[in-house]
Amino acid sequence: MSSLNTFGSILTHAIELESSLNAYYTSIDKSDRAKAADKRRKKLERVRRENVVEITLEPIEGLDEADYTLNLDDISEAGQTAIEATASQFYSDVAPKINVRQAQRALERCGQEHAEFAE
Amino acid sequence: MTKTIKNYVNGEWVDSLSSDLIPVYDPATCELLANCPDSTAQDVDLAVKAAKGAFNEWRSTPILSRAQYMHHFKVLVEENFEDISKILVQEHGKAIDESRGEVRRAIESIDFAISVPVLMRSDGLEDISSGIDETTLRQPAGVFAAITPFNFPFMVPLWFLPTAIACGNTFVLKPSPQTPLSTEILFEMLDELDLPEGVVNLVNGGIPSANAIMEHPDITGVSFVGSSPVAKIIYETCTRNGKRVQAQGGAKNYIAVMPDANMEASVKNILGAAYGCAGQRCLAAGVAIAVGDAYDQLKDELTKQVQNLKVGYGLDETSHMGTVISDAAKQRIEAMIQQGVDDGAELIIDGRNIKVDGYENGSWVGPTLLADVKRGSTMATEEVFGPVLSLMKADSYEEAVEIINESHYGNAASIFTNNGKYARDFKYNVNAGNIGVNIGVAAPSASFPFGGQKDSFFGDLHGQGSDSIEFYTERKIIIERWV
């Protein structure tokens, strides 16, 4: 059974991911990135509140949380790049699975922001 | 010590005059969450007196100010969104996403009430005769009450309360004694608004308080959502007591699936319609009628996809389906499944006797699929109010419509098709108040009336939308001449 099998589980995972990135970047004094993560967290909380309707309750298949584990112990530049790449991959994988365009767009934009840091 | 829920009367939290208590359990963990008082007729009378006393001040509060109260109310609900959703899981048993969806729908109703300055506006004509002008005024009509069910304990009260008070009325709510906790948080937020005392009142309890509401001479109108037999009693009693009433009853909702439908996409949607909230909603799909060649394909796809549904504790984000409301409900649903089998249906997936690790004593009924259900049998005609989908076969589109229209219910019906001719005919000829085309749950948004026909609705004006403005206001026609 996939662990990212509902609208809520995907959005909650995204919110937790951004919370952990906020803490990660705060701990290494990268306040701009920390703030950006916190802003995405707030946006994702709003998206979860505003877009959970009957149609989003359809089961979602093919996603597993384990594929998007972040190595938050690695604070090197390379480690940061790898974290951003994983986050970007998460968003690009989950966005197409969400059948509400507004929520999908928000996930896509989060993915784009992470992709920029992963380059 | 387990808390006893209080009533909210005249701007204060007060103890009920009754010492009779109704236990409120988490249906998954079996934890005793609270005790709900079984309030008396005297409790209702105190609430109605407060509402009546507040009416004159409240109706003369500028309508823009009344709308502002609703705006602040919406902000509070947004701020408390997750807490409310979690309480809904605990007292009802539904999955967290379903709870969030319920709160979202409730907010839509507040949004609708915010627009009351536009919605209450009336019209007029100059010179209907020489020098004579005629205009219509909409005025609030007094004290309104609502008796609401366990299945959407946060959303259904908000179908009524925000619009009623935004129109200038005062209000008494009696929620289901099975799910009073989300209503308690609802009134905690209303309390924060600093409304004048008595504008909103809460009386917790069961039959005695419901009876008192139906019979109280100072209540102008009553809204009800629940089962059809009770809706009929509410309608008859309220009208006998001179009240306006809107009473939404139960349902047996049918989904016709045509051979041309996109089967995979349709089934995903049908799953949500049949098993969402464990089938405990008046828009739940009870029967899927496959037309002609669609039958085998639908049966195979349903069998495959139903098995992907995860039943689990509602606070686990990965659960698609939670419990039913109580052990009594579980036993009733399981007996109906057995009735289906005894009537000759094929039990494809049996949701009885499932176990959920860590919650062994919960009121679980898994998603159940019955095939080859016979026309006229109990499972084809009677409401289950549980996670059971019955699959029937019709030889033609016309036969599918006949099956739907012979039901004594008329809440909702849907068709899945890619053929506009069938879709149009379905909208035109099916006798149900809410019609879905490639939509399994035909749930009207807050700005549309919630339909319902036959034994699914008793009354003239429905809840929500323009009907609710009519219901909560009195029209006065002014004809004037100045010489």
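Residues numbered from 1 in each chain as written. Chains lettered and ligands numbered in written order. Predicted model: local features only at pLDDT ≥ 70, side-chain atom pairs only at ≥ 80, totals over all residues.

(A) Structural context of the overall build of chain B. Across its full length, chain B carries 16 helices and 22 strands. Relative to its length of 483 residues, chain B is compact, with a C-alpha radius of gyration of 23 Å against a globular reference of 23 Å. Considering only C-alpha atoms, chain B reaches an extent of 75 × 65 × 40 Å along its principal axes. Buried positions account for 56% of the 483 residues belonging to chain B. The long-range fraction of contacts in chain B, counting pairs at least 24 apart against all pairs at least 6 apart in sequence, stands at 72%. (Helix = DSSP H or I, 4+ residues; strand = E, 2+ residues; numbered from the N terminus. Rg over C-alpha atoms; globule rule 2.2 N^0.38 Å. Buried ≥ 20, exposed ≤ 12 C-beta atoms within 10 Å, placed from the backbone. Contact = placed C-beta atoms within 7 Å.)

(B) A look at the overall build of chain A. Counting secondary structure elements, chain A contains four helices and zero strands. Counting from the amino terminus, chain A carries its helices and strands in the arrangement α-α-α-α. Relative to its length of 119 residues, chain A is compact, with a C-alpha radius of gyration of 14 Å against a globular reference of 14 Å. Each principal axis of the C-alpha distribution contributes one length, and for chain A these read about 40 × 25 × 20 Å. For chain A, the proportion of its 119 residues judged to be buried stands at 34%.

(C) Summary view of the sheet that holds strand 13 (residues 285-291) of chain B. Residues and elements named next belong to chain B. Read from one edge to the other, the open sheet built from seven strands follows the order 14-15-16-13-12-18-19, with strand pairing classed as mixed. In the strand order of this sheet, the two ends are held by strand 14 (346-349) and strand 19 (434-437), each with one partner. Within this sheet the neighbouring strands show an average axis-to-axis angle of 20°, counted without direction. Relative to strand 19, strand 18 (residues 412-416) runs parallel, the two being bridged by four bridges. Paired with I415 across the two strands is V437, which belongs to strand 19. Strands strand 12 (253-257), strand 13, strand 16 (388-394) and strand 18 of the sheet are contacted by helix 10 (residues 263-275), whose axis makes an angle of about 150° with strand 13. Running over the sheet, helix 12 (residues 327-342) touches strand 14, strand 15 (368-371) and strand 16 and is turned about 25° from strand 16. (Pairing = 2+ DSSP bridges. Axes fitted to C-alpha atoms, helices over the stretch in contact; angles between N-to-C directions.)

(D) Up close: the interface of chain A and chain B. If you look at the interface, chain A gives 17 residues, while chain B gives 21 residues. Sorting the residues of the side of chain A that touches chain B by element identifies helix 1 (7-27) and helix 2 (31-50) of chain A as the ones contributing at least two each. Here the side of chain A that touches chain B gets four residues from one element, more than from any other, and that element is helix 1 of chain A. Grouping the amino acids of the side of chain A that touches chain B by side-chain chemistry returns six nonpolar, six polar and five charged. (Nonpolar A, V, L, I, M, F, W, Y, C, P; charged D, E, K, R; others polar.)

(E) Main features of helix 1 of chain A. With 21 residues, helix 1 of chain A should cover 30 Å at 1.5 Å per step; its first-to-last C-alpha distance of 30 Å lies within 8% of that length. Considered for burial, the residues of helix 1 of chain A that qualify are F7, G8, S9, I10, L11, A14, L17, E18, L21, Y24 and Y25 of chain A. The secondary structure elements touched by the buried residues of helix 1 of chain A are helix 2, helix 3 (77-94) and helix 4 (101-118) of chain A together with helix 4 (96-114) of chain B. Two residues or fewer past helix 1 of chain A, D29 of chain A is found with a positive phi of approximately 60°. (Expected span 1.5 Å × (residues − 1).)

(F) Here's a closer look at helix 8 (residues 207-215) of chain B. S209, A210, A212, I213 and M214 of chain B are the residues of helix 8 of chain B that are buried. Contacts made by the buried residues of helix 8 of chain B are with helix 1 (41-59), strand 7 (143-147), strand 8 (170-174), strand 10 (221-225) and helix 9 (228-240) of chain B.

(G) Quick look at the domain arrangement of chain B. All names here are of chain B. Segmentation of chain B into domains returns domain 1 (7-249 + 456-481) and domain 2 (253-437). Computed from C-alpha atoms alone, the centre-to-centre distance between domain 1 and domain 2 is 31 Å. Counting residues at the interface gives 19 residues for domain 1, matched by 26 residues for domain 2. For the side of domain 1 that touches domain 2, the elements supplying multiple residues, two or more each, are helix 3 (81-92) and helix 4. (Domains from an automatic or database assignment.)

(H) Up close: the packing of helix 4 of chain B against helix 6 (residues 155-166) of chain B. Residues and elements named next belong to chain B. With their axes 8 Å apart at the nearest point, helix 4 and helix 6 run at an angle of 15° to one another. Taken together, helix 4 and helix 6 sit at an angle that is classed as roughly parallel. Between helix 4 and helix 6 lies a crossing whose hand is right-handed. Here E102, R105, A106, S109, I110, F112 and A113 of helix 4 lie close against helix 6, whose contacting residues are M155, L158, W159, P162, T163 and A166. (Parallel < 35°, antiparallel > 145°, perpendicular 65-115°, else oblique. Left-handed = near helix turned anticlockwise from the far one by under 90°.)

(I) Fine view of unusual backbone geometry. Residues and elements named next belong to chain B. Of note, the phi angle at N10 is positive, near 55°, even though the residue is not glycine. Relative to the helices and strands, N10 is located in the loop between strand 1 (7-9) and strand 2 (12-14). Although it is not a glycine, D372 sits at a positive phi angle of roughly 55°. With respect to the helices and strands, D372 occurs in the loop between strand 15 and helix 13 (378-381).

(J) Structural context of the nonpolar core. V257, A288, I289 and L391 of chain B are the most contacted members of the largest nonpolar core, which has 152 residues in total. Taken together, domain 1 (7-249 + 456-481) and domain 2 (253-437) of chain B each give at least three residues to this core, which thus spans both. One finds A37, L44, A87 and A106 of chain A within the second-largest nonpolar core, a separate group that totals 25 residues. (Core = buried A, V, L, I, M, F, W, Y, C linked by C-beta atoms within 7 Å.)

(K) Geometry of the sheet that holds strand 6 (residues 132-140) of chain B. Residues and elements named next belong to chain B. Within the open sheet, the three strands sit side by side as 5-6-22. Their pairing is antiparallel. Each end of this open sheet is capped by a strand with a single partner; those strands are strand 5 (124-129) and strand 22 (473-481). Put simply, the sheet's adjacent strands are angled 30° from each other on average, direction ignored.

(L) Here's a closer look at the environment of V324 of chain B. Relative to the helices and strands, V324 of chain B resides in the loop between helix 11 (294-306) and helix 12. Linking V324 of chain B and C277 of chain B, residues 47 residues apart in sequence, is a C-alpha distance of 8.0 Å.

(M) Broad picture of the packing of helix 1 of chain A against helix 2 of chain A. Residue and element names in this part refer to chain A. For the pair helix 1 and helix 2, interaxial distance at closest approach is 8 Å and the crossing angle is 160°. One way to sum up the angle between helix 1 and helix 2 is to call them roughly antiparallel. Here helix 1 and helix 2 pass one another in a crossing that is left-handed. When helix 1 is examined against helix 2, the residues G8, L11, A14, I15, E18, S19, L21, N22, Y25 and T26 are found in contact with a partner set consisting of R33, A34, A37, D38, R40, R41, L44, E45, V47 and R48. In terms of residue class, the contact of helix 1 with helix 2 is made up of nine nonpolar, four polar and seven charged.

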